[in-house]
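Understanding the architecture of this molecule
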Amino acid sequence: MRALVCVAIALAAAGAEAQEMIEIPTPPPPCCVVATPKPPSPTALILDVVVGPTYRRAFQEDFAAAFVEVEVGARNPFFGVGARFSAAFGATRVGLPYQFLTLGPAFDFRVSSRVRLALGLSFGALVYERVSAAAARDPDVTAISLGVDGSLTIDLVRLRHDGALFLLGRVGYDYIDNTGVDPLDTGSSLALTLALGYRY
């Protein structure tokens, strides 16, 4: 009898040990993929300053001048918009001084890491010295203008962030309308500009 009890205890212990050795697999946790939202494109304020020579053909006359322009706006890596103010101070082919001041919006598009195309609209005034019999009583011609231009900029030296020293080429068209009575003081004008600029 005592032997049977010992055998039963031994069998129970062996069964318990065998049960402990059986490993119950743990199911893997459910796999879930969390989509990371795409960060918005960074937008930065810009300040462009451009200086260089410009040539203009208007009223069957040649105009050459020093050109300066300031543009303030905002730009992301693909697109930019800003407000431009430009001024040209020079003289006609025969030496008559003139000034041309414009203001307007501009839109630029990134072509590559160093190249941008821009489209601008301008509203302004052209003031130049008159050569006619009316010069004694009214020496200057003042005419309002409405224009459009296209620009290409190439970054020559890249600086930190989006800053750069760049080369600008521009072709512009302006319709100039004099408020006076002289029909020769009204008409189309074509301008060519090649300048250096700094983008901050």
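You'll find the structure just up there.
The structure presented is a predicted model; accordingly, all values stated were derived computationally and were not measured. (Residues numbered from 1 in each chain as written. Predicted model: local features only at pLDDT ≥ 70, side-chain atom pairs only at ≥ 80, totals over all residues. Heavy atoms only, no water.)

**Regarding the environment of L96**
Considering the arrangement of structural elements, one finds L96 in the loop between β3 (79-92) and β4 (97-110). Under the relative-accessibility criterion, L96 is labelled buried at 17%. Along the backbone, L96 and R130 are 34 residues apart, and their C-alpha atoms lie at a distance of 8.0 Å. (Helix = DSSP H or I, 4+ residues; strand = E, 2+ residues; numbered from the N terminus. Buried < 20%, exposed > 50% of the residue type's maximum accessible area, 1.4 Å probe, protein only.)

**What about the packing of aromatic side chains?**
The relation between two aromatic rings is expressed through the spacing of the ring centres and the mutual angle of the planes. Evaluation of the coordinates by the stated rule reveals five aromatic pairs. Between F59 and F63 the ring centres are 6.5 Å apart and the planes differ by 75 degrees, which places this aromatic pair in the edge-to-face class. Of the two residues examined, F59 and F63, each falls in the buried class. Aromatic pair F63 and Y98: ring centres 4.8 Å apart, planes at 80 degrees, arrangement edge-to-face. Of this pair, F63 sits in strand β2 (residues 61-75) while Y98 sits in strand β4, and the two are 35 residues apart along the sequence. Since its relative accessible area comes to 1%, Y98 is described here as buried. (Phe/Tyr/Trp six-rings, centres within 6.5 Å; stacked < 30°, edge-to-face > 60°.)

**Brief notes about the pairing of β2**
Each regular strand shows side chains that alternate between the opposite faces of the sheet. When strand β1 (residues 44-58) meets β2, the two strands line up antiparallel, connected through 15 bridges. Bridge pairing in β2 links V51 to V68. Here β2 pairs with β3 via 13 bridges, running antiparallel. By the bridge assignment, V68 is partnered in β3 with A87. Joining the antiparallel neighbours β2 and β3 is a turn of three residues. (Pairing = 2+ DSSP bridges.)

**Some points on unusual backbone geometry**
Peptide bonds are, in most cases, trans, and in most cases residues other than glycine have a negative phi. Even without being a glycine, F59 presents a positive backbone phi close to 55 degrees. Structurally, the position occupied by F59 is in the loop between β1 and β2. The phi dihedral of Q60 is positive, around 60 degrees, even though this residue is not glycine. Within the secondary structure, Q60 sits in the loop between β1 and β2. Owing to a relative accessible area of 68%, Q60 belongs among the exposed residues under this scheme.

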